[in-house]
Amino acid sequence: QVQLVESGGGLVQAGGSLRVSCADSGRTFTNYAMGWFRQAPGKEREFVAATSWTAGTSYSDSVKGRFTISRDRAGNTVYLQMNSLKPEDTAVYYCAASLTLATIRRASVVSWGQGTQVTVSS
């Protein structure tokens, strides 16, 4: 069964760091672009970051310089290292797979994870 499984969310104080992970349990998306979105209460889901073997990485302006996306060499796990966290980073973070970096930025996603909660206290 195709499945993206997130882990690593939790509660952290403002200014702190947290790393979330996404495992491609079926090893289905090894050659796909992978990325992260987030959805805060009452808001739409928004793009956060993405990585592609051929096109590099892409970040939203709101997280650029604070968050880093990476991928293991096998391509089966994607990480989002979040530093200098702010209360406005509080959201459910979703892992996503898409064909290219361009399509994942447009939220044209072929598979979503179930989400992991990140809460940043002030």
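Residues numbered from 1 in each chain as written. Predicted model: local features only at pLDDT ≥ 70, side-chain atom pairs only at ≥ 80, totals over all residues. Heavy atoms only, no water.

### Topic: the pairing of strand E6 (residues 56-59)
Note the following rule: For two strands to pair, DSSP has to find at least two bridges joining them. In DSSP terms, a helix is any run of H or I states spanning at least four residues, a strand is any run of E spanning at least two, and both are numbered starting from the N terminus.
Looking at chain direction, strand E5 (residues 46-52) and E6 are connected through four bridges and run antiparallel. Counted as the bridge partner of Ala50 is Ser58 from E6. Where E5 hands over to E6, the hairpin turn is made up of three residues, counted between the paired strands.

### Things to note about the sheet that holds strand E3 (residues 18-24)
The criterion, for reference: Every axis in this analysis is a line fitted to C-alpha atoms, fitted for helices over the stretch in contact. Angles between the N-to-C directions lie between 0 and 180 degrees.
Taking strand neighbours across the sheet as the criterion, the four strands line up as E1-E3-E8-E7 in an open arrangement whose pairing is antiparallel. Both outer strands of the open sheet, strand E1 (4-7) and strand E7 (67-71), are each paired with one neighbouring strand and no more. Each neighbouring strand pair of the sheet contributes to a mean axis angle of 15 degrees, computed without reference to strand direction. Sheet analysis places E1 next to E3, joined by four bridges and oriented antiparallel. When the sheet's bridge partners are listed, Glu6 is paired in E3 with Cys22.

### Section: the pattern of salt bridges
Two side chains with opposite charge may pair up if their charged atoms get near one another. Filter applied, for reference: Salt bridges are counted wherever a side-chain nitrogen of Lys or Arg sits within 4 Å of a carboxyl oxygen of Asp or Glu. Each residue's exposure class comes from its accessible area (1.4 Å probe, protein chains only) as a fraction of the maximum for that residue type: buried when under 20%, exposed when over 50%, partly exposed otherwise.
By the definition in use, this model includes four salt bridges. Across the salt bridge formed by Glu46 and Arg38, the nearest N and O atoms sit 2.6 Å from each other. Given a relative accessible area of 34%, Glu46 falls into the partly exposed group. A relative accessible area of 6% places Arg38 in the buried class. Its salt-bridge partner being Asp89, residue Arg66 comes within 2.8 Å of it at the nearest N-O pair. Remark: Asp89 occurs in the loop between strand E8 (77-82) and strand E9 (91-98) and Arg66 occurs in the loop between E6 and E7; sequence separation between them is 23 residues. By the burial criterion, Arg66 is buried, and Asp89 matches it.

### As for the packing of aromatic side chains
How we decide: Stacked, tilted and edge-to-face are the three classes applied to pairs of Phe, Tyr and Trp rings, where Trp contributes its six-membered ring and a pair requires centres within 6.5 Å; stacked means planes under 30 degrees apart, edge-to-face means over 60, and tilted covers the rest. Only when the NZ of Lys or the CZ of Arg is both within 6 Å of the ring centre and within 35 degrees of the ring normal is a charge said to sit over the ring.
Applying the stated criterion across every chain, the model contains four aromatic pairs. Seen from their ring centres, Phe29 and Tyr32 are 5.1 Å apart, and the 85 degrees between their planes marks the pair as edge-to-face. Judged by centre distance (5.7 Å) and plane angle (80 degrees), the rings of Phe37 and Phe47 are edge-to-face. With Phe37 in strand E4 (residues 33-39) and Phe47 in strand E5, this pair connects stretches of sequence that are 10 residues apart. One Lys or Arg, Arg45, reaches over the ring of Trp112 and ends 4.4 Å from the middle of that ring.

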